[in-house]
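Chain and residue survey
Here is how the chains run, residue by residue.
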Amino acid sequence: MELRTMRTFVAIVEMGSFVAAAKALGLTRSAAGKALSRLETHLGTRLLHRSTRTLSLTTDGQFFYERCVQILADIDEAESSVRQDNPEPKGTLRLTVTSAFGRIVILPLLNEFLKKWPELEIEISFTDRIIDLVEEGFDLGIRMGDLPVDSLMVARRITHCQHFMYASPAYLQQHGTPENIHEIGSHQRLIYGLQSDSGVWQLAEKAGAEIAIVGNRRLRFDSGEAIKDAAVAGMGIALMPSFLAADDVHHQRLVRLFPAWAGRDIAINAVYPHRKHLAAKVRQFIDMLVMHFPS
């Protein structure tokens, strides 16, 4: 399949007209129509519904159009990278990031990034679900924790976070403030993770001592933000990342308990598929993150 045919198809979709697309590409209306027909024959499916007045994408056409736009943007970017050392990012950057970190940390950075690169678009999935970047068509993922040794992904550490214990003043007033770390297990704990073994809190003290806290785990969540909201509402003690609790601590909606004790240090990585040449849009986004989180 020729790239010219692909570009013709994209132009027809975006301009909504064979005539307008043909004019923009320097073709005749007939040539544009024949290009689309050849493409549909090659793919064995109809891409566009045609009527005397309108054109609309079929389901297959919508999927193929989105992939064509990305492919053509990548090709343009690859050509630019040969012509100059620092090509300008173009096309669409598809990014997936954990919900809490994405909303609290990544989202505020996007405005300046988009201002700097006006020809770039960004699509973001905020989810705690582990996504297969290749299978679901994402360029980049921001993930917490180390990758498996056999992972086919490349991980670049951009920052890290530690987990501390937090509770609301209302909870502490009603249930009492624990006097030592060993009393935490007798309190209502808000657990992250729905697995049976997710109720153990592994903590370490600055001096080097370690402890595993078990006990009450009646409430479990699969969302860090839900745990934070439950802690603010006085439902129990939460072990969560400091970035997630920072605003509520500042406004005295949460109190950090036993500051000398923390969960393990967790890496926050920019993750992307193995590629010989990293697209400019991915490289520039990672560079922005690294500059924002100096080591």
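Right above here is the structure, for reference.
Let me begin by describing the structure that accompanies this report. On a predicted model such as this, the values are computed, not experimentally measured, just so you know.

**Notes on the sheet that holds strand E10 (residues 210–213)**
One open sheet holds the three strands; their spatial order is E10-E9-E14, and the pairing between them is antiparallel. The strands lining the two open edges of the sheet, one partner per strand, are E10 and strand E14 (261–262). Sheet topology note: the strand E9 (residues 201–205)/E10 ladder contains four bridges and is antiparallel. Paired with Leu203 across the two strands is Ile211, which belongs to E10.

**Quick word on the nonpolar core**
Judged by nonpolar contacts, the single largest core of 41 residues is most densely connected at Phe101, Ile106, Leu140, Ile142, Met240, Phe285 and Leu289. With seven residues, helix H5 (residues 99–116) is the single largest residue contributor to this core. Ile142 has contacts with Leu95, Thr96, Val97, Thr98, Phe101, Ile158, Ile268, Asn269, Ala270 and Leu289, leaving out every residue within four places of it along the chain. Among the nonpolar cores identified, the runner-up in size contains 17 residues, and Met6, Phe18, Ala21 and Leu47 belong to it.

**Digging into the layout of surface pockets**
What the second largest pocket holds in volume is close to 640 Å³. Every residue lining the second largest pocket is counted, 24 residues in all, and those nearest its centre are Glu66, Arg67, Gln70, Arg94 and Gly137. At the level of secondary structure, the elements contributing two or more residues to the lining of the second largest pocket comprise helix H4 (59–83), strand E3 (91–97) and strand E4 (120–126). In terms of residue count, H4 provides more of the lining of the second largest pocket than any other element does, eight residues in total. Partitioning the lining of the second largest pocket into residue classes produces eight nonpolar, four polar and twelve charged.

**Concerning empty space enclosed by the protein**
A full pass over the atoms with the stated rule returns one cavity of 30 Å³ or more. One number sums up the size of the largest cavity: a volume of about 70 Å³. For the largest cavity, the full set of lining residues is Thr96, Val97, Thr98, Thr127, Asp128, Arg129, Ile130, Ile131, Ile142 and Arg143. For the lining of the largest cavity, the residue count by class is four nonpolar, three polar and three charged.

**Topic: the pattern of salt bridges**
Per the stated rule, a full pass over the model turns up twelve salt bridges. When the shortest N-O distance is used, the salt bridge between Glu112 and Lys115 registers 3.7 Å. Taken together, the residues span about one helical turn, with Glu112 and Lys115 both in helix H5 at a distance of three residues. Comparing Glu112 with Lys115, the two get one shared label, exposed. Note that Asp248 is salt-bridged to Arg253, the shortest N-O span being 2.5 Å. Under the relative-accessibility criterion, Arg253 is labelled partly exposed at 34%.

Calculation criteria
Residues numbered from 1 in each chain as written. Predicted model: local features only at pLDDT ≥ 70, side-chain atom pairs only at ≥ 80, totals over all residues. Heavy atoms only, no water. Pairing = 2+ DSSP bridges. Helix = DSSP H or I, 4+ residues; strand = E, 2+ residues; numbered from the N terminus. Core = buried A, V, L, I, M, F, W, Y, C linked by side-chain atoms within 4.5 Å. Buried < 20%, exposed > 50% of the residue type's maximum accessible area, 1.4 Å probe, protein only. Contact = heavy atoms within 4.5 Å. 1 Å grid on protein atoms, 1.4 Å probe; cavity = no way out; pocket = protein on both sides within 12 Å on 5 of 7 lines; lining within 4 Å. Points joined across faces, edges and corners; volume = space filled by probe spheres on them. Nonpolar A, V, L, I, M, F, W, Y, C, P; charged D, E, K, R; others polar. Salt bridge = Lys/Arg side-chain N within 4 Å of Asp/Glu carboxyl O.

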